[in-house]
Amino acid sequence: MGRLFGTDGVRGLANVDLTAEMALGLAAAAATVLVDEGGTAHPRALVARDPRASGEFLSAAVVAGLASSGVDVLDIGVVPTPALAHLVDTSGADFGVMLSASHNAMPDNGLKIFARGGSKLPDDVEDRIEAAYRAGTPRRPTGSGVGRAHAGPDVEQDAQDSYVDHLLSTLPGGPGSLAGLHVVVDCANGAASAISPRVLREAGARVTTLYAAPDGLNINDGCGSTHLGPVTAAVVEHGADLGLAHDGDADRCLAVDAAGNAVDGDQIMAVLALALRDRGQLAEGTLVATVMSNLGLKLAMQREGVTVVETGVGDRYVLEALNAGGWSIGGEQSGHVVLPEHATTGDGVLTGLQLAARMAETGRSLADLASVVERLPQVLVNVRGVDKSRAGADADLLAAVAEAERELGETGRVLLRPSGTEPLVRVMVEAAHTQHAQDVADRLADVVRARLAL
């Protein structure tokens, strides 16, 4: 039986992999593990979701599981994942539960849990929740011991207002500082639809909004951070200064410059890290990135005197490193950017706001700011049907990787990474030229197939 929790909570096809019964059981298990038995009679939890249709019955199941376990629940409705994390922190709630499958297609959904303070749970706490869920012995108070549930449009509006106020308070130039900027924002018909355009407008920007009419079925459908075509076309058509694209739960943000060129998470991190450095706010001159970040980011930061600390793939590992080191910024190429001074998790709306603020602060275009990173061509080959467990131990394969690294020198690199969920090994190669990267990746993929054959 595999582990329920992946790198970002429990996720799968709604009503098949993630059912109402499972959501109820996991919520009750979370209450059992996260609630201090010697604490208040009625601990408190917040529950939120993105707009996908299955979130309606799944959030109802979570509320039922929590209230039946003696937890008072405030159901804050549709808000971005980072909004829930922020509100768990500022409200003093004992924990929070988010129903979202992020950038996945509409039929999927997911459940992720935030601890007191709005932080993601460490692996060992998730393991305890899973054990409690499988044991099937939740808390079952009676009478006045049961939890109470509160929800409604006023609750949702108050949550959105509080989050918007928080985001606006982070602007380095203060209210109205984005005046003169024209921003196109693609909300992916997701959780940021009512928030991201509003924040940008209240910050002073002129805003053109795309895909901000969620109907429960259209989330991430040909739009958002995984489909940059619409925002690219709109930026060029309207002559906008930049475009921003979120995913379904708005914990990530990618951008497009005025010419329609994509600006990825690596470039966004570089721009924001240098902004913090110039303000004297980049703790220990350090940026945290994952092993999948482009070598161009590391070379750029080296030129700028910024240290790059690498972690495994997943924003949870970026967060762990940030918290352990007390650093100011970290993230992933995919657009998850974490700014611990303002957020406890990746926040796409905050990221877009800070990127626009840097443009306003410097008077420079996004293309100019992002040019600090010269992205090296990156080729990824997935080798399927192999024994991924031997990827780090086979002597001949490791020798082939070492030889490839010598061939590439300082302007290239190789990353061999077993998949966490599939029987495959990912071969990633960066080089000064695309064809060179492709040749090396194909050559190493052949070695993987030969040496790790099942």
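The notes below deal with the structure included here. On a predicted model such as this, the values are computed, not experimentally measured, just so you know.

**Let's talk about the overall build of the protein chain**
Part 1 of the reasoning: Counting its secondary structure elements, the protein chain contains 14 helices and 18 strands.
Part 2 of the reasoning: For 454 residues, the compact-globule estimate of 2.2 N^0.38 gives 22 Å, and the C-alpha radius of gyration of the protein chain, at 22 Å, lies within 12% of that figure.
Part 3 of the reasoning: A principal-axis box enclosing the C-alpha atoms of the protein chain has dimensions of 70 × 60 × 40 Å.
Part 4 of the reasoning: For the protein chain, the proportion of its 454 residues judged to be buried stands at 55%.
Part 5 of the reasoning: In the protein chain, of all internal contacts separated by at least 6 residues, the share reaching a separation of at least 24 is 71%.

**Focus on empty space enclosed by the protein**
Part 1 of the reasoning: According to the stated counting rule, one finds 2 cavities of 30 Å³ or more in the structure shown.
Part 2 of the reasoning: Of the volumes computed, that of the largest cavity is approximately 70 Å³.
Part 3 of the reasoning: The element best represented in the lining of the largest cavity is strand 5 (residues 108–115), accounting for 3 residues.
Part 4 of the reasoning: Of the pockets and cavities examined, the second largest cavity occupies roughly 30 Å³.
Part 5 of the reasoning: Surrounding the second largest cavity, Pro-82, Ala-85, His-86, His-342, Ala-343, Thr-344 and Thr-345 form its lining.
Part 6 of the reasoning: Here the residues of the lining of the second largest cavity sort into 3 nonpolar, 4 polar and no charged.

**Examining the pairing of strand 12 (residues 286–290)**
Part 1 of the reasoning: By the criterion of burial, strand 12 is predominantly enclosed, with 5 of the 5 residues buried.
Part 2 of the reasoning: Burial along strand 12 is two-sided: Thr-286, Val-288 and Thr-290 and Leu-287 and Ala-289, pointing in opposite directions, are all buried.
Part 3 of the reasoning: In this structure, strand 12 lies alongside strand 13 (residues 307–311), joined through 5 bridges in parallel fashion. In the strand pairing of strand 13, Ala-289 is matched with Glu-310.

**Describing the sheet that holds strand 8 (residues 206–210)**
Part 1 of the reasoning: Spatially, 5 strands are ordered 8-7-9-10-11 in an open sheet, and the strand pairing comes out mixed. Lying at the two open borders of the sheet, with one neighbouring strand each, are strand 8 and strand 11 (262–263).
Part 2 of the reasoning: Inspection of the sheet shows strand 7 (residues 182–186) paired to strand 9 (residues 242–246) by 4 bridges, in the parallel sense. Bridge pairing in strand 9 links Val-184 to Gly-243.
Part 3 of the reasoning: Sitting on the sheet, helix 11 (residues 348–362) is in contact with strand 9 and strand 10 (253–257), with an inclination near 170 degrees to strand 9.

**Topic: the layout of surface pockets**
Think of a ball as big as a water molecule: rolled over the atoms, this probe shows where empty space is left.
Part 1 of the reasoning: Its volume calculated, the largest pocket comes out at about 1100 Å³.
Part 2 of the reasoning: What lines the largest pocket is a set of 33 residues, and nearest its centre among them are Thr-7, Val-313, Gly-314, Glu-332 and Arg-417.
Part 3 of the reasoning: Of the residues in the lining of the largest pocket, the class split is 7 nonpolar, 14 polar and 12 charged.
Part 4 of the reasoning: Roughly 230 Å³ of internal volume is contained in the second largest pocket.
Part 5 of the reasoning: Taken together, 14 residues make up the lining of the second largest pocket; nearest its centre are Leu-276, Arg-279, Gln-281, Glu-341 and His-342.
Part 6 of the reasoning: In terms of residue count, helix 8 (residues 265–278) provides more of the lining of the second largest pocket than any other element does, 3 residues in total.
Part 7 of the reasoning: Class assignment of the residues belonging to the lining of the second largest pocket gives a composition of 7 nonpolar, 5 polar and 2 charged.

Conventions adopted
Residues numbered from 1 in each chain as written. Predicted model: local features only at pLDDT ≥ 70, side-chain atom pairs only at ≥ 80, totals over all residues. Heavy atoms only, no water. Helix = DSSP H or I, 4+ residues; strand = E, 2+ residues; numbered from the N terminus. Rg over C-alpha atoms; globule rule 2.2 N^0.38 Å. Buried < 20%, exposed > 50% of the residue type's maximum accessible area, 1.4 Å probe, protein only. Contact = heavy atoms within 4.5 Å. 1 Å grid on protein atoms, 1.4 Å probe; cavity = no way out; pocket = protein on both sides within 12 Å on 5 of 7 lines; lining within 4 Å. Points joined across faces, edges and corners; volume = space filled by probe spheres on them. Nonpolar A, V, L, I, M, F, W, Y, C, P; charged D, E, K, R; others polar. Pairing = 2+ DSSP bridges. Axes fitted to C-alpha atoms, helices over the stretch in contact; angles between N-to-C directions.

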